[in-house]
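# Survey of secondary and tertiary structure
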Amino acid sequence: MQFSNQVALVTAAGAGIGRAIALRLAKDGAAVLVSDVNDAAGAETVELIENAGGRASYLHADVSVPEEVNALVPRALEVFGRLDMAVNNAGVGAMPKPIQDVTTADWERSINITLTGTFLAMQSQIRHFTEQGQGSIVNIASLAGISATPQLTPYGAAKHGVVSLTRSAAKENAEAGIRVNAVAPGAIETAALASLPEEAKAGYAAEIPMKRLGQPEDIASATAFLLSPEANFITGVVLRVDGGTEA
């Protein structure tokens, strides 16, 4: 297994894309520190990993709270003795509304969790990886981070920021042996989309060249690749996983 004897940290791993990534990395041999704000969901991810024969531990963390996000790397070291890779998946969506109707609370929630949370997590991870002499980070961005997002201004601004953080950190830390990449999902069938009527989901799928919605496992596969030794000369990349939407 490509991640044998390695340890990964995955934020917002209690469900959806984060859980799929945690399960995939564990399947590939990594021990996984799972974090989330939903303790029951995070514990369930750990249970799924352990029931499949893997190793995992959980720590509650709101990534917008510096004290909580800064506790993640030390916990990985405490529980597993090392940390080799990190996936910063935590973020929040938003209800569509025109920019003039966006409230300060709407804006701050999206920026604080999606952008500042990724920034804080990366700071802690990069400090550790610099001391270690190597490490790999994958940030979960979005197509909204590389194209216009009408009616989703706070979300789009936050995800554009995640893309910028990824590229800047990649160039800044390449010589230190740290790779930083991002995955930009398109329409993925997580809980929000799965709850829509079948007609609505079919409408989303019809707009995708591959004529299907993506699955969380599609993002997990791309993330595992970017973290793996097979991608050891890749850094600063934003990999679209969108069925051809932005081709």
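For the structure itself, consult the block above.
Not measured: the values here are computed from a predicted model.

Below, the discussion takes up helix α5 (residues 104–132). When the terminal C-alpha atoms of α5 are compared, their 40 Å separation across 29 residues agrees well with the 42 Å that a helix rising 1.5 Å per residue should span. The sharpest bend along α5 measures roughly 35° and falls at Asn112. After α5 finishes, the residue Gly133 shows a positive phi value of roughly 90°.

A separate point is unusual backbone geometry. Residues apart from glycine generally show negative phi values, whereas peptide bonds are mostly found in trans. For Gln151, which is not a glycine, the phi torsion comes out positive at approximately 75°. Relative to the helices and strands, Gln151 resides in the loop between β5 (135–140) and α6 (153–173). Positive phi is not limited to glycine here, since Lys211 has a value of about 60°. You can see Lys211 is positioned in the loop between α8 (198–206) and α9 (216–227). Looking at Lys211, the relative accessible area reads 56%, which means it is exposed.

This part is about the sheet that holds strand β2 (residues 31–36). Reading across from one edge, β3-β2-β1-β4-β5-β6-β7 is the order of the seven strands in this open sheet, with parallel pairing throughout. Two strands in the sheet have a free side with no partner beyond their single neighbour: β3 (56–60) and β7 (238–241). This sheet shows a mean twist of 20° between the axes of neighbouring strands, independent of strand direction. For strand β1 (residues 7–10) and β2, the ladder comprises four bridges, and the chain directions are parallel. Across the sheet, Val10 pairs through a bridge with Val34, a residue of β2. Sitting on the sheet, helix α4 (residues 72–80) is in contact with β1, β2 and β3, with an inclination near 145° to β2.

Here the focus is the side chain of Thr149. Turning to its location among the elements, Thr149 is positioned in the loop between β5 and α6. The class of Thr149 is buried, set by a relative accessible area of 17%. Once residues lying within four places of it in the same chain are set aside, the contact partners of Thr149 are Ala144 and Gly156.

Note on placement: Arg179 falls in strand β6 (residues 178–185). Relative accessible area serves as the criterion here: at 12%, Arg179 is assigned to the buried category. Sequence-wise, Arg179 and Met85 are 94 residues apart; in three dimensions their C-alpha atoms are separated by 9.4 Å. From its side chain, Arg179 meets the backbone oxygen of Ala231 in a polar contact 2.8 Å long.

Before going further, it helps to spend a moment on the packing of helix α1 (residues 16–27) against helix α2 (residues 39–51). Closest axis-to-axis distance for the α1/α2 pair is 10 Å, and the angle between their directions is 25°. The orientation of α1 with respect to α2, classified from their angle, is roughly parallel. The way α1 lies across α2 gives a crossing that is right-handed. Contact residues: Arg19, Ala22, Leu23 and Ala26 in α1; Ala41, Glu44, Thr45, Leu48 and Ile49 in α2. Looking at the contact of α1 with α2 residue by residue, the class counts come to six nonpolar, one polar and two charged.

Thresholds applied
- Residues numbered from 1 in each chain as written.
- Predicted model: local features only at pLDDT ≥ 70, side-chain atom pairs only at ≥ 80, totals over all residues.
- Heavy atoms only, no water.
- Helix = DSSP H or I, 4+ residues; strand = E, 2+ residues; numbered from the N terminus.
- Expected span 1.5 Å × (residues − 1).
- Bend = angle between axes of the 7 residues up to and from the residue.
- Buried < 20%, exposed > 50% of the residue type's maximum accessible area, 1.4 Å probe, protein only.
- Pairing = 2+ DSSP bridges.
- Axes fitted to C-alpha atoms, helices over the stretch in contact; angles between N-to-C directions.
- Contact = heavy atoms within 4.5 Å.
- Polar contact = N/O pair within 3.5 Å; in protein donor to acceptor, adjacent residues only side chain to side chain.
- Parallel < 35°, antiparallel > 145°, perpendicular 65-115°, else oblique.
- Left-handed = near helix turned anticlockwise from the far one by under 90°.
- Nonpolar A, V, L, I, M, F, W, Y, C, P; charged D, E, K, R; others polar.

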